[in-house]
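# Reading the structure
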Amino acid sequence: SQAEFLLASNLFHFVFCIILISYMIHAVRTQNNSSFKIKFISFMALALLCLIADMLSYVFDMQSFPGARLGNHISMFLSVFLTALLGTKWLCFFDTLFRIESKKLARRIMCYIPTFLTLIMLVVNLFTGYIYTIGPDNIYTRGEGYWISFALQYVSFVMMILKALIYDLEVKTIRRKRMRNGILWLSGLTVAFGIMQALLGGVIALHCLGITTGIFIMFVRFQDDQITIDTLTTLNNRYALDTYLANRMK
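What you are looking at is a predicted structure, and each value in this text was computed from that prediction instead of being measured. (Residues numbered from 1 in each chain as written. Predicted model: local features only at pLDDT ≥ 70, side-chain atom pairs only at ≥ 80, totals over all residues. Heavy atoms only, no water.)

## What about the overall build of the chain?
- The secondary structure content of the chain amounts to eight helices and two strands.
- Listing the helices and strands of the chain from first to last along the sequence gives α-α-α-α-β-β-α-α-α-α.
- By the compact-globule yardstick of 18 Å for 250 residues, the chain fits well, its C-alpha radius of gyration being 20 Å.
- Along the first, second and third principal axes, the C-alpha atoms of the chain reach 65 × 40 × 30 Å. (Helix = DSSP H or I, 4+ residues; strand = E, 2+ residues; numbered from the N terminus. Rg over C-alpha atoms; globule rule 2.2 N^0.38 Å.)

Spelled out as structure tokens, the structure:
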């Protein structure tokens with residue numbers, strides 16, 4: 001049937017993305033010597049948990065086996081919350097990556113506001129069904145406040161796009177410009193694919209493809225970083241000089 005085909009297709013998307021992110025975590029842990037690799041690995045690990053929760057929501061939805069409805073509730077709750085938390089973590093990572101230290105504590109508190117509001121809405125939703133409901137037949141249905149919840153999930157990624165565009169005015173090195181472009185791609189793809197999935201009613205799992213593609217672009221940027229710096233001093237090496245001169249000559 002069409003429902004079974006869509007489920008199989010979505011599960012293939014999720015499995016592919018989960019395997020790819022798992023590989024990137026392993027590669028960054030064993031190959032990359034960047035001072036930011038721990039934060040990047042933690043971000044990818046959080047993305048992995050987000051995709052697993054999202055995948056399970058597709059697995060449990062409309063199923064009738066014992067525990068399916070409870071699993072649907074838990075996986076949907078975690079999927080929404082972890083998406084918001086993912087944006088918050090990435091927003092904080094941006095400040096760390098580009099050493100934005102002004103009013104650090106205040107900035108971090110502001111970054112966590114969307115995640116905190118999302119958590120409150122999810123708890124309230126358990127009693128009101130304002131964001132979504134899972135009926136006695138274990139079928140997920142959007143509630144009146146779905147788009148408010150959606151906006152809170154992705155507002156941090158939108159803020160990241162704006163910050164990356166503004167930061168472009170302050171970029172003075174090719175290395176930082178590449179990192180900034182990678183962040184712009186990650187945030188833009190996550191938002192774009194998330195919007196498409198929402199407009200299609202969630203029947204096709206596009207959110208996972210957006211996150212994974214964006215992470216892959218950042219992964220390539222981190223790998224590029226390895227061939228432009230000296231691992232002992234973290235200073236730019238001869239290859240970085242040649243790249244810089246080639247760009248300046250243009």
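## Description of the nonpolar core
- Counting residues in each nonpolar core, the largest one holds 61 residues, and the members touching the most others are I21, F40, M44, W90, I215 and M218.
- Listing elements by their share of this core, those giving two or more residues are helix 1 (2-31), helix 2 (37-60), helix 3 (68-97), helix 4 (104-128), strand 1 (132-134), helix 5 (146-167), helix 6 (174-199) and helix 7 (207-226).
- Of the residues forming this core, the biggest block, 13 residues, is contributed by helix 3. (Core = buried A, V, L, I, M, F, W, Y, C linked by side-chain atoms within 4.5 Å. Buried < 20%, exposed > 50% of the residue type's maximum accessible area, 1.4 Å probe, protein only.)

## A word on the layout of surface pockets
- What the largest pocket holds in volume is close to 700 Å³.
- In this structure, the largest pocket is lined by 30 residues; those nearest its centre are Y58, Y140, G201, G202 and V203.
- For the lining of the largest pocket, the elements supplying multiple residues, two or more each, are helix 1, helix 2, helix 3, strand 2 (140-142), helix 5 and helix 6. (1 Å grid on protein atoms, 1.4 Å probe; cavity = no way out; pocket = protein on both sides within 12 Å on 5 of 7 lines; lining within 4 Å. Points joined across faces, edges and corners; volume = space filled by probe spheres on them.)

## Concerning helix 5
- Its 22 residues give helix 5 an end-to-end C-alpha distance of 32 Å, which sits within 8% of 32 Å, the value for a rise of 1.5 Å per residue.
- The largest bend along helix 5 measures about 45° and falls at Y154. (Expected span 1.5 Å × (residues − 1). Bend = angle between axes of the 7 residues up to and from the residue.)

## Digging into the packing of aromatic side chains
- On inspection of all chains with the given rule, the structure shows 13 aromatic pairs.
- When the centroid spacing of 6.1 Å and the interplanar angle of 50° are considered together, the rings of F60 and F65 count as tilted.
- Taken together, the aromatic side chains of Y146, W147, F150, Y154 and F157 make up a single cluster linked through ring pairs.
- Here R142 stacks its cationic end above the ring of Y146, 4.1 Å away from the centre of that ring. (Phe/Tyr/Trp six-rings, centres within 6.5 Å; stacked < 30°, edge-to-face > 60°. Lys NZ or Arg CZ within 6 Å of the ring centre and 35° of its normal.)

## Some points on the state of the cysteines
- Applying the stated criterion across every chain, the model contains zero disulfides.
- For the unlinked cysteine C92, the closest cysteine sulfur is that of C111, found at 4.2 Å.
- Residue C208 stays outside any disulfide, its sulfur separated by 4.0 Å from that of C17, the closest cysteine. (Disulfide = S-S within 2.5 Å.)

## Some thoughts on the packing of helix 2 against helix 3
- Running from N to C, helix 2 and helix 3 point in directions that differ by 155°, and their axes come no closer than 8 Å. It follows that helix 2 is roughly antiparallel to helix 3 by the angle criterion. As for the relative orientation of helix 2 and helix 3, their crossing is left-handed in sense.
- For the contact of helix 2 with helix 3, the class distribution of residues is 17 nonpolar, seven polar and three charged. (Axes fitted to C-alpha atoms, helices over the stretch in contact; angles between N-to-C directions. Parallel < 35°, antiparallel > 145°, perpendicular 65-115°, else oblique. Left-handed = near helix turned anticlockwise from the far one by under 90°. Nonpolar A, V, L, I, M, F, W, Y, C, P; charged D, E, K, R; others polar.)

## What to know about unusual backbone geometry
- Of note, M62 is a non-glycine position whose phi angle comes to about 70°, a positive value.
- Structurally, M62 is set in the loop between helix 2 and helix 3.
- Here N138, not a glycine, exhibits a phi torsion of approximately 65°, which is positive.
- The topology assignment puts N138 in the loop between strand 1 and strand 2.

## Describing the environment of L97
- Position of L97 among the secondary structure elements: in helix 3.
- On the basis of relative accessibility, which here comes to 6%, the residue L97 falls in the buried class.
- Linking L97 and L152, residues 55 residues apart in sequence, is a C-alpha distance of 24 Å.
- Excluding anything up to four places from it in sequence, L97 contacts F36, R176, M179 and I183. (Contact = heavy atoms within 4.5 Å.)

## Regarding the packing of helix 3 against helix 5
- The N-to-C vectors of helix 3 and helix 5 enclose an angle of 15°; their axes lie 8 Å apart at closest approach. Taken together, the axis directions place helix 3 and helix 5 in an arrangement best described as roughly parallel. Classified by chirality, the crossing of helix 5 by helix 3 is left-handed. Facing S79, V80, T83, A84, L86, G87, T88, W90, L91, F94 and D95 of helix 3, the residues of helix 5 in contact are S149, L152, Q153, Y154, S156, F157, M159, M160, K163, A164 and Y167.

No statement about biological role is implied by the geometric values presented.
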